[in-house]
Amino acid sequence: MTVAGKTERVLVLNSGSSSVKYALFIGEERLASGIVERIGEPGSPVADHEAALDIVAGELADRNLGIDSPELTAIGHRVVHGGTDFTEPTLITDEVTAKIEELVPLAPLHNPGNLAGIEVTRRLRPDLPQVAVFDTAFHSTISPAAATYAIDRKLAERLRIRRYGFHGTSHAYVSREAAALVGRPGCNVIVLHLGNGASASAVSGGRCLETSMGMTPLEGLVMGTRSGDLDPGVLLYLARTGGMSFDEIDTLVNRESGMRGLCGENDMRTVQERLAAKDPDAELAFSVYCHRLRKYVGAYYAVLGVVDVIAFTGGVGENSPLVRQTTLDGLEALGIAVDPERNRRGKGVISPDGTAVKVAVIPTNEELEITRQTLAILPRTKRP
Ligand code: AMP
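- As recorded in an unreviewed UniProt entry, the chain goes by the name Acetate kinase, listed as coming from Streptosporangium saharense.
- Quoted straight from UniProt, the Subcellular location (unreviewed entry) entry for the chain says "Cytoplasm".
- The Subunit (unreviewed entry) field of the UniProt record for the chain holds the comment "Homodimer."

Shown next, in the form of structure tokens:
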């Protein structure tokens, strides 16, 4: 991956349904970042994405880094769902926005907000190259065996039902950092991205072979408020016997499940405080969380055959020695161990010297990855 040159300025926008996060980079250095929240919510002063981008522009202008600055090289947009159309960062044109629009049914909670941000910044800076970086793109290399659900193929094709995976910019960044840590680009890495959303991936030589999120970000690991893996029969049962509507089930599995569903709390810090006080709901929630994660480590070990690095990242992965220790406890026979002192310090390698698998804590940096990917596709002539 290209490393951003010292003079290039990239504005990174993560424009969600109700918030806009931004970061401004000069080269690899983050000069400013912030978030505008509660877009379009009742009583909020921020009526829509136009108003949110106005605030972002104002905050940047205050620091002489405005969106209208002639020194800005490009704008990089995070776009959640690229379907099978977008497997690379893509220069945004009318055709590209139309295609992202077509993908809205696959990501109804995410792509509309992403598009709203793109529309506003294209209006503000029609002269500037703007690039879409897709959350799904890094996972486009998973094989048909990994991507296909075992349901009727024609139906699945017609409705574009397959596994896509998400958090791709983070998995790309962290797996590359992990490879740099062992000095071998060809190595095999398991990335555990544990934030409020959570996903795992198996990466070999920089190519993703497997990932835990599926057609939507619901599949896989236990998350803050999402259930992760669930017998699909449970959903049928909730509808038929539980009398729940599809919208109610949607809310249940996306917003009221995971750690929140198990113990009423989605913040892992609070869960751990309650754990220390021997709260039985928190104990169960924590054990379900770590058990699921451990199962995925085992599964991805088998997918890769040989594992060189297990990398923890995201708010929980970077900050919870207890999650890391509990998840990997007792796996010495697989060459996996965690050194208690290194784990407590929680930076870089946390496995003891001499174990076959290096376990590492690698802070993710999705904004820097978007900056790099944005610059990588710009024609040389457009770069200062
Ligand atoms: P992210 O989505 O990557 O920003 O991660 C958010 C999650 O990280 C929340 O559930 C936080 O509780 C969790 N988190 C942040 N700091 C800590 C910490 N010191 N220990 C455990 N979890 C943490």
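Picking up after the structure, the text goes on.
### Thoughts on the overall build of the chain
Part 1 of the reasoning: When its secondary structure is counted, the chain shows 15 helices and twelve strands.
Part 2 of the reasoning: Scaling as 2.2 N^0.38, a compact globule of 384 residues should have a C-alpha radius of gyration of about 21 Å, and the chain matches this with 21 Å.
Part 3 of the reasoning: By principal-axis analysis of the C-alpha atoms, the chain measures approximately 55 × 55 × 45 Å.
Part 4 of the reasoning: Residue burial in the chain is summarised as follows: out of 384 residues, 51% are buried.
Part 5 of the reasoning: Partitioning the contacts of the chain with sequence separation of at least 6, the portion at a separation of at least 24 is 64%.
Part 6 of the reasoning: Total accessible area computed for the chain in this model is approximately 17700 Å², and 53% of it derives from carbon and sulfur atoms.
Part 7 of the reasoning: Charge separation in the chain, taken as the distance between the mean sites of 40 positive and 48 negative side-chain charges, equals 5 Å.

### With respect to the UniProt feature "active site" (unreviewed entry) in the chain
Part 1 of the reasoning: UniProt records the feature "active site" (unreviewed entry) for D135 in the present numbering.
Part 2 of the reasoning: Along the polypeptide, D135 turns up in the loop between strand 6 (130-134) and helix 4 (144-147).
Part 3 of the reasoning: You can call D135 buried: its relative accessible area is 1%.
Part 4 of the reasoning: When neighbours within four sequence positions are excluded, D135 is seen to be in contact with R78, V79, V80, G165, F166, H167, G168 and T169.
Part 5 of the reasoning: One polar contact links the side chain of D135 to the main-chain amide nitrogen of H167, over a distance of 3.1 Å.

### Observations concerning a nonpolar patch on the surface
Part 1 of the reasoning: The grouping of L230, V234 and L235 at the surface amounts to a nonpolar patch, some 190 Å² of accessible area in total.
Part 2 of the reasoning: Tracing the backbone through its elements, the reader meets L230 in the loop between strand 9 (207-211) and helix 7 (232-240).

### Some thoughts on helix 10 (residues 268-276)
Part 1 of the reasoning: For helix 10, the complete set of buried residues consists of M268, V271 and L275. For helix 10, the buried positions fall inside an angular range of 55° around the axis, keeping them on one side. In this structure, helix 10 carries R269, E273 and A276 as exposed residues pointing more than 90 degrees from its buried face.
Part 2 of the reasoning: The secondary structure elements touched by the buried residues of helix 10 are helix 9 (258-263), helix 11 (280-304), helix 12 (314-319) and helix 13 (321-328).
Part 3 of the reasoning: One side-chain oxygen of the residue at the start of helix 10 lies 2.8 Å from the amide nitrogen of R269, identifying that residue as D267.

### Focus on the sheet that holds strand 7 (residues 188-194)
Part 1 of the reasoning: Read from one edge of the open sheet, six strands run 9-8-7-10-12-11, paired in mixed fashion. Looking at which strands have only one partner, the edges of the open sheet turn out to be strand 9 and strand 11 (348-349).

### Quick word on the sheet that holds strand 5 (residues 90-91)
Part 1 of the reasoning: What the six strands build is an open sheet, ordered 3-2-1-4-6-5; its pairing is mixed. Two strands close off the open sheet at either side, each with one partner strand: strand 3 (29-36) and strand 5.
Part 2 of the reasoning: Judged from the seven bridges that link them, strand 2 (residues 20-26) and strand 3 form a sheet pairing that is antiparallel. Bridge assignment links Y22 to a residue of strand 3, and that residue is G34.

### Brief notes about the packing of aromatic side chains
Two descriptors summarise a pair of aromatic rings, namely the distance from one centre to the other and the angle between the planes of the rings.
Part 1 of the reasoning: All chains considered together, the criterion is met by two aromatic pairs.
Part 2 of the reasoning: For the ring pair Y296 and Y300, a centre distance of 5.7 Å and an interplane angle of 90° mean the geometry is edge-to-face. You can see Y296 and its partner Y300 sitting in helix 11, four residues apart, about one turn around the helix.
Part 3 of the reasoning: Y300 sits in the buried class, given a relative accessible area of 3%.
Part 4 of the reasoning: Sitting over the ring of F86, K99 keeps its end group 6.0 Å from the ring centre.

### Considering the pattern of salt bridges
Two side chains of opposite charge can pair, provided their charged atoms sit close to one another.
Part 1 of the reasoning: Scanning the model with the defined rule gives 18 salt bridges in all.
Part 2 of the reasoning: Across the pair E367 and R30 runs a salt bridge, and its minimum N-O distance is 3.2 Å. Of the two residues, E367 is situated in helix 15 (residues 366-376) and R30 in strand 3; the sequence distance between them amounts to 337 residues.
Part 3 of the reasoning: Given the relative accessible area of 26%, E367 is considered partly exposed.
Part 4 of the reasoning: Owing to a relative accessible area of 37%, R30 belongs among the partly exposed residues under this scheme.
Part 5 of the reasoning: Among the ionic pairs, E341 bridges to R344, the shortest N-O distance being 2.4 Å. Separated by three residues within a single helix, E341 and R344 lie in helix 14 (residues 340-345), roughly one turn from each other.
Part 6 of the reasoning: According to the relative accessible area criterion, E341 is partly exposed, its value standing at 37%.
Part 7 of the reasoning: You can call R344 exposed: its relative accessible area is 57%.
Part 8 of the reasoning: Here the salt bridges share partners, and the residues they tie into one network are R163, E210 and E219.

Rules and cut-offs
- Residues numbered from 1 in each chain as written.
- Predicted model: local features only at pLDDT ≥ 70, side-chain atom pairs only at ≥ 80, totals over all residues.
- Heavy atoms only, no water.
- UniProt positions renumbered as here; feature names shortened; annotations may be inferred.
- Helix = DSSP H or I, 4+ residues; strand = E, 2+ residues; numbered from the N terminus.
- Rg over C-alpha atoms; globule rule 2.2 N^0.38 Å.
- Buried < 20%, exposed > 50% of the residue type's maximum accessible area, 1.4 Å probe, protein only.
- Contact = heavy atoms within 4.5 Å.
- Areas by Shrake-Rupley, 256 points an atom, 1.4 Å probe, with all protein chains shown as cover.
- Lys, Arg positive; Asp, Glu negative; His and termini not counted.
- Charge placed at Lys NZ, Arg CZ, Asp CG, Glu CD.
- Polar contact = N/O pair within 3.5 Å; in protein donor to acceptor, adjacent residues only side chain to side chain.
- Patch = residues over 30% accessible without salt bridge, like charges linked within 9 Å, V, L, I, M, F, W, Y side chains within 5 Å.
- Salt bridge = Lys/Arg side-chain N within 4 Å of Asp/Glu carboxyl O.
- Arc of directions from axis to C-beta.
- Pairing = 2+ DSSP bridges.
- Phe/Tyr/Trp six-rings, centres within 6.5 Å; stacked < 30°, edge-to-face > 60°.
- Lys NZ or Arg CZ within 6 Å of the ring centre and 35° of its normal.

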